[in-house]
Amino acid sequence: NILFEINIFELSINTIMLSTIASILTVLISIAFVFSSKYFKSSIIKMTNRIAMLGYSTPGAVIAMGTLLLVGHVSSMTGIVLSGTIFFLIFAYIVRFLAVAYQPIESGMEKNCDKLNDAGKTLGASPFISFYKINLPLIKNSVLVAALLVFIDVTKELPLTLILRPFNFETLATATFDLSNQAQIIESSIPSISIILFVLVPIIYLNRRIGMIK
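Conventions adopted
- Residues numbered from 1 in each chain as written.
- Predicted model: local features only at pLDDT ≥ 70, side-chain atom pairs only at ≥ 80, totals over all residues.
- Heavy atoms only, no water.
- Helix = DSSP H or I, 4+ residues; strand = E, 2+ residues; numbered from the N terminus.
- Areas by Shrake-Rupley, 256 points an atom, 1.4 Å probe, with all protein chains shown as cover.
- Lys, Arg positive; Asp, Glu negative; His and termini not counted.
- Charge placed at Lys NZ, Arg CZ, Asp CG, Glu CD.
- Core = buried A, V, L, I, M, F, W, Y, C linked by side-chain atoms within 4.5 Å.
- Buried < 20%, exposed > 50% of the residue type's maximum accessible area, 1.4 Å probe, protein only.
- Contact = heavy atoms within 4.5 Å.
- pLDDT = per-residue confidence, 0-100.
- Polar contact = N/O pair within 3.5 Å; in protein donor to acceptor, adjacent residues only side chain to side chain.

Trainee: Can you walk me through the overall build of the chain in this structure?
Mentor: Secondary structure assignment for the chain yields eleven helices and zero strands. Secondary structure elements in the chain, listed N-terminal to C-terminal, are α-α-α-α-α-α-α-α-α-α-α. Summarising its shape, the C-alpha atoms of the chain cover approximately 65 × 50 × 25 Å along the three principal directions. When the accessible area of the chain is evaluated, it comes to approximately 11,900 Å², of which 70% is carbon and sulfur surface. Mean positive and mean negative side-chain charge positions of the chain (15 and 11 charges, respectively) differ by 17 Å.

Trainee: Can you help me understand the nonpolar core in this one?
Mentor: For soluble globular proteins, nonpolar side chains are generally found buried alongside one another. One finds Val-27, Tyr-93, Ile-105 and Leu-160 to be the most contacted residues of the largest nonpolar core, which totals 32 residues. Of all the secondary-structure elements, those providing two or more residues to this core are helix H2 (8-40), helix H4 (60-78), helix H5 (86-112), helix H8 (140-156) and helix H9 (159-164). With 13 residues, H5 is the largest single contributor of residues to this core. Residues in contact with Ile-105, not counting those within four places in the same chain, are Val-27, Ser-30, Ile-31, Val-34, Ile-139, Ser-142, Val-143 and Ala-146. Residues Ile-8, Leu-172, Ala-173 and Ile-190 belong to the second largest nonpolar core, which totals seven residues.

Trainee: Sorry, what's going on with the confidence of the model for the chain here?
Mentor: Parts of the model with low pLDDT should not have their predicted coordinates read in detail. Averaged over every residue, the pLDDT of the chain is 85; the share at 70 or more is 92%. When the elements of the chain are averaged for pLDDT, helix H1 (residues 2-5) gives the smallest value, 52, and H8 the largest, 92.

Trainee: Explanation requested: the side chain of Ser-142 in the structure shown.
Mentor: Along the polypeptide, Ser-142 turns up in helix H8. Assessed through its relative accessible area of 15%, Ser-142 is described here as buried. What Ser-142 contacts, discounting residues up to four positions off in sequence, is Pro-104, Ile-105 and Gly-108.

Trainee: Explanation requested: the environment of Glu-110 in the structure shown.
Mentor: Secondary-structure assignment places Glu-110 in helix H5. Along the chain, Glu-110 and Glu-157 lie 47 residues apart, while their C-alpha atoms are 30 Å from each other. There is a polar contact of 3.0 Å between the side chain of Glu-110 and the side chain of Lys-38.

So this is what it looks like as structure tokens:
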């Protein structure tokens, strides 16, 4: 059976695991960045946030090489071999797709929370209370949209994954690339179709959300 010959189930599990972990961590970091920028209204925080957003305009291969340099530097300082781990692959995903999660969360918070945060400050509410009681309930939909967007991007990301993946670790995207390079067109169509199927449900949901907003 061709499905078992190319380990389609293992490829799917690897892809879903990476995409889910990366999307959750990216969204959490984006929430922290957006809230700190909107709540404290610091020009320094806004500037550093904009710098952090540059990853999306940078090719994945460039981010992968930068991550390898960082891994080498950290390894030389600590004596611990860190290359070829999922940790740094997910780190690179976060750098690459932080802007994807940041934009919808920033839009949702700007639309719903600015005046309420000012009112919370006037009433003496702490930043944590303002975030947990005011902001988080109002941006739940934006957070979900951000997570789905990152999930889609990570699922189909190839250059970054190809360079930083651990040894003997394949995803649907890398398997499609490897099989097509070997001229196994029929075999490569299976992981590529799987990618389409995995991102189809989030895309349908996002299209429905956009239609409801309009």
